[in-house]
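# Chains, contacts and geometry: an overview
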Amino acid sequence: MAAYAAILAAGSAGAADAPGATLYRHASLIDGTGAPARGGMSVLVEGERIKAVAPDAELALPAGAKVVDLTGKYLAPGLIDSHEHLATPPNRRAAEANMRRDLYGGVTAIRDMADDLRSVAELARESRAAEVPGPDIFYAALMAGPSFFVDPRTHAANFGVEPGHAPWMQAIDAGTDVRNAVTLAKGTSATAIKIYANLPPDLVKKIAAEAHRQGMVVWTHSAIFPTTPAQVLDAHPDVISHTCYMAYQVVGVPASYQARVPVDPKSMIGGDNPVMAGLFARMKAQGTLLDPTLRVYAEDAERFARNPKGRPPLCSLDLAAALTRQAFRAGVPLSTGTDGIAPASDPWPTVYDEISLLVSKAGLTPAQAIHAATEVGARAAAQSVDMGTVAPGKLANLIVFSRDPTANIENLKSLETTIKRGRAYPRAEFKPPTEQELRDAP
């Protein structure tokens, strides 16, 4: 009983240490909605949440509140990386180092897109409780056809369990009780079902419908092999990932994930492709978001340049950017997912690369790219009630810059402070990840 009383006392002390009231004054506010920055704004934070947002003259200082003067500085919502992998295979030291880099670089939430959820769930709990510095984590349980589970990554993420038979990574076929499978996945505390590969259209639709019925969101690849992008959209996913997989609608979808081939870009660069236009129109009408992952294609090109004898990239960055640009012009909301971890030599989160590519390659303005990384990112993670914009009632997930990132996207690197759930993490206190920490990172 004495030990239990000590645990309760420690919990009470932690609650007492929660942030009090803080008034951020005289900021130029980038609120995440896509609206221009507004000067002379104040944001009142009480505990974890934003209490009020108003011009300086309209917001009085509550008794006992701390004041932070942001004269000459820019205040924006925390950034959201909508595609990370923290635990394939699990490596706590590497994951925590990358989470630390994310948080001190302004990333306050991420979507983990299917890993060993035994590890991810604990990382999510620790980050949520501020026991380790890191973003909030919202994660997916994966479903794919049985033939996908020869992939070595599934063995790495299912240690001790036969691949395809864990609640967080399930093999689905015509004989599967899909209702039970989704229930098992939901029991992992996953936000979403990620529908991955090697499934026919009828099963993709069945999984998506059951996930939605049970209150989960649906994240998919944009082609599920042999299910085409158009057939994926028939299932009404909430978010689809990887722009270039959509090009298989034009050139033909391989029979399986393992049979993927490079995409010939000839019919899709130099003007809007009419087949792609039809897909993007459907996405806009359905409210399906696109997670382009341009950084993946840039990374693949760099890897192939270092080793031309290796497997060529499935898609060029130019094609991925052209299709992403067409999607954006068609009104498809874009998020900012990275699907990769930067080396220890990079002090900034990988989401900076994705945001920069949306500007330099896909034609978004800096303000539009920041909107993709904030309000749209929150929608991608199914968390728009709590984050993505600076508004009363939302979590106090904020970032402070000394220079205007909407004027030049490189000004993201003028970040001074991240505020996550009301707690401040000054950039000056950041300890970059080491090579040793990131060794064997996912």
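Residues numbered from 1 in each chain as written. Predicted model: local features only at pLDDT ≥ 70, side-chain atom pairs only at ≥ 80, totals over all residues. Heavy atoms only, no water.

## Quick look at the environment of leucine 319
Keep this limit in mind: Helix and strand assignments come from DSSP, with helices taken as H or I runs of at least 4 residues and strands as E runs of at least 2, each series counted from the N terminus.
Take leucine 319: it is sitting in helix α11 (residues 317-329). On a C-alpha basis, the gap between leucine 319 and aspartate 69 in space is 45 Å, while along the polypeptide they are 250 residues apart.

## Side note on the packing of aromatic side chains
Put simply, the rule is: Whether two aromatic rings pair depends on their centres lying within 6.5 Å, for rings of Phe, Tyr and Trp, where Trp uses its six-membered ring; planes under 30 degrees apart make the pair stacked, over 60 edge-to-face, and the rest tilted. Each residue is placed in one exposure class: buried if its accessible area under a 1.4 Å probe, protein chains only, is under 20% of its type's maximum, exposed if it is over 50%, and partly exposed if it falls in between.
Under the defined criterion, the tally for this structure stands at eleven aromatic pairs. The interplanar angle of 50° and the centroid separation of 5.4 Å between the aromatic rings of tyrosine 196 and tyrosine 257 together place this pair among those described as tilted. Highlighted residues: tyrosine 196 in the loop between β11 (192-195) and α6 (201-213) and tyrosine 257 in the loop between α8 (248-251) and α9 (274-286), separated in sequence by 61 residues. Comparing tyrosine 196 with tyrosine 257, the two get one shared label, buried. Connected via pairs of aromatic rings, a cluster forms that spans Phe148, Phe149, Tyr196, Phe225, Tyr245, Tyr248 and Tyr257.

## Brief notes about α11
For clarity, the cut-off: To estimate the expected span of a helix, count its residues, drop one, and scale the result by 1.5 Å. In this analysis, two residues are considered to be in contact whenever any of their non-hydrogen atoms come within 4.5 Å of each other.
The first and last C-alpha atoms of α11 sit 18 Å apart over 13 residues, in line with the 18 Å expected at 1.5 Å per residue. Within α11, burial applies to Leu317, Leu319, Ala320, Ala321, Ala322, Leu323, Thr324, Gln326 and Ala327. Those residues of α11 that are buried lie in contact with α9, β14 (289-291), α10 (294-306) and α12 (351-360). Trailing α11 by a residue or two, glycine 331 shows a phi angle of about 95°, which is positive.

## Here we look at the packing of α10 against α11
This is how the line gets drawn: To get an axis, a line is fitted to the C-alpha atoms, and for a helix only the part in contact is used. The angle between two axes follows their N-to-C directions and goes from 0 to 180 degrees. Our angle categories are set so that under 35 degrees counts as roughly parallel, over 145 as roughly antiparallel, 65 to 115 as roughly perpendicular, and the remainder as oblique. Less than a right angle of anticlockwise turn of the near helix away from the far helix marks a crossing as left-handed, whereas a clockwise turn marks it as right-handed. Note on residue categories: nonpolar means Ala, Val, Leu, Ile, Met, Phe, Trp, Tyr, Cys or Pro, charged means Asp, Glu, Lys or Arg, and polar means any other residue, Gly included.
At their nearest, the axes of α10 and α11 sit 8 Å apart, and the two run at 165° to each other. Comparing the axis directions of α10 and α11 gives the class roughly antiparallel. Crossing of α10 against α11: the hand is left-handed. Where α10 abuts α11, its residues Leu294, Tyr297 and Ala298 lie against Leu317, Ala320, Ala321 and Thr324. Grouping the amino acids of the contact of α10 with α11 by side-chain chemistry returns six nonpolar, one polar and no charged.

## Points about the pairing of strand β8 (residues 136-144)
Sheet faces and side chains relate simply in a regular strand, where the side chains alternate between the two faces. What counts is decided by this rule: For two strands to count as paired, DSSP must find a minimum of two bridges between them.
The element β8 is largely enclosed, with a buried count of nine among its nine residues. By the alternation rule, side chains of β8 split into Asp136, Phe138, Ala140, Leu142 and Ala144 and Ile137, Tyr139, Ala141 and Met143, which are all buried. In the sheet, strand β7 (residues 107-112) pairs with β8 via four bridges, with the strands oriented parallel. Bridging across to β8, arginine 111 finds its partner in phenylalanine 138. Bridge count for β8 against β11 is four bridges, and the pairing is parallel. Across the sheet, residue alanine 140 finds its bridge partner in β11, namely alanine 192. As paired elements, β8 and strand β10 (residues 169-171) share three bridges and run parallel to each other. Looking at the pairing, methionine 143 lines up with glutamine 170 of β10.

## Some details on the pattern of salt bridges
Any two side chains of opposite charge can pair, given that their charged atoms come close. Note the cut-off: Just to be clear on terms, a salt bridge is a Lys or Arg side-chain nitrogen sitting within 4 Å of an Asp or Glu carboxyl oxygen.
Tallying each qualifying case throughout the model produces 25 salt bridges. Between glutamate 48 and arginine 421 there is a salt bridge, with its nearest N and O atoms 3.1 Å apart. Here glutamate 48 is found in the loop between β2 (38-46) and β3 (49-55), whereas its partner arginine 421 is found in the loop between β16 (415-420) and β17 (423-426), with 373 residues between them in sequence. On the basis of relative accessibility, which here comes to 11%, the residue arginine 421 falls in the buried class. Note that arginine 92 is salt-bridged to glutamate 126, the shortest N-O span being 2.8 Å. A residue pair is termed long-range when its members are at least 10 positions apart, and arginine 92 in helix α2 (residues 92-104) and glutamate 126 in helix α3 (residues 117-128) qualify at 34 residues. The class of glutamate 126 is buried, set by a relative accessible area of 12%. What emerges from the salt-bridge pattern is a single network uniting Glu48, Arg128, Asp136, Lys420 and Arg421.

## A closer look at the environment of threonine 88
Heads up, the rule is: Any pair of N or O atoms that falls within 3.5 Å is considered a polar contact. Within protein, one atom must be able to donate a hydrogen and the other to accept it, and sequence-neighbouring residues count only if both atoms are side-chain atoms.
Mapped onto the secondary structure, threonine 88 falls in the loop between β6 (79-84) and α2. As a C-alpha pair, threonine 88 and aspartate 238 span 150 residues in sequence and 24 Å in three-dimensional space. There is a polar contact of 2.4 Å between the side chain of threonine 88 and the side chain of aspartate 115.

## Some words on the pairing of β7
Threshold: Place the viewer so that the strands point away; then a crossover is right-handed whenever the path from the first strand over the helix to the second strand goes clockwise.
With six of its six residues buried, β7 lies for the most part within the structure. The pairing of β6 with β7 spans four bridges and is classified as parallel. Looking across to β7, one finds that glutamate 84 is bridged to aspartate 112. Once the chain exits β6 it traverses α2 before rejoining the sheet at β7, and the crossover so formed is right-handed.

## So, the confidence of the model for the protein
Rules: As a per-residue measure, pLDDT reflects the predictor's confidence and takes values from 0 up to 100.
Counting all residues, the mean pLDDT for the protein is 94, and 95% of those residues have values of 70 or more. Scored below 50 in pLDDT, residues 3-17 makes one contact in the model with residues more than four places away or belonging to other chains.

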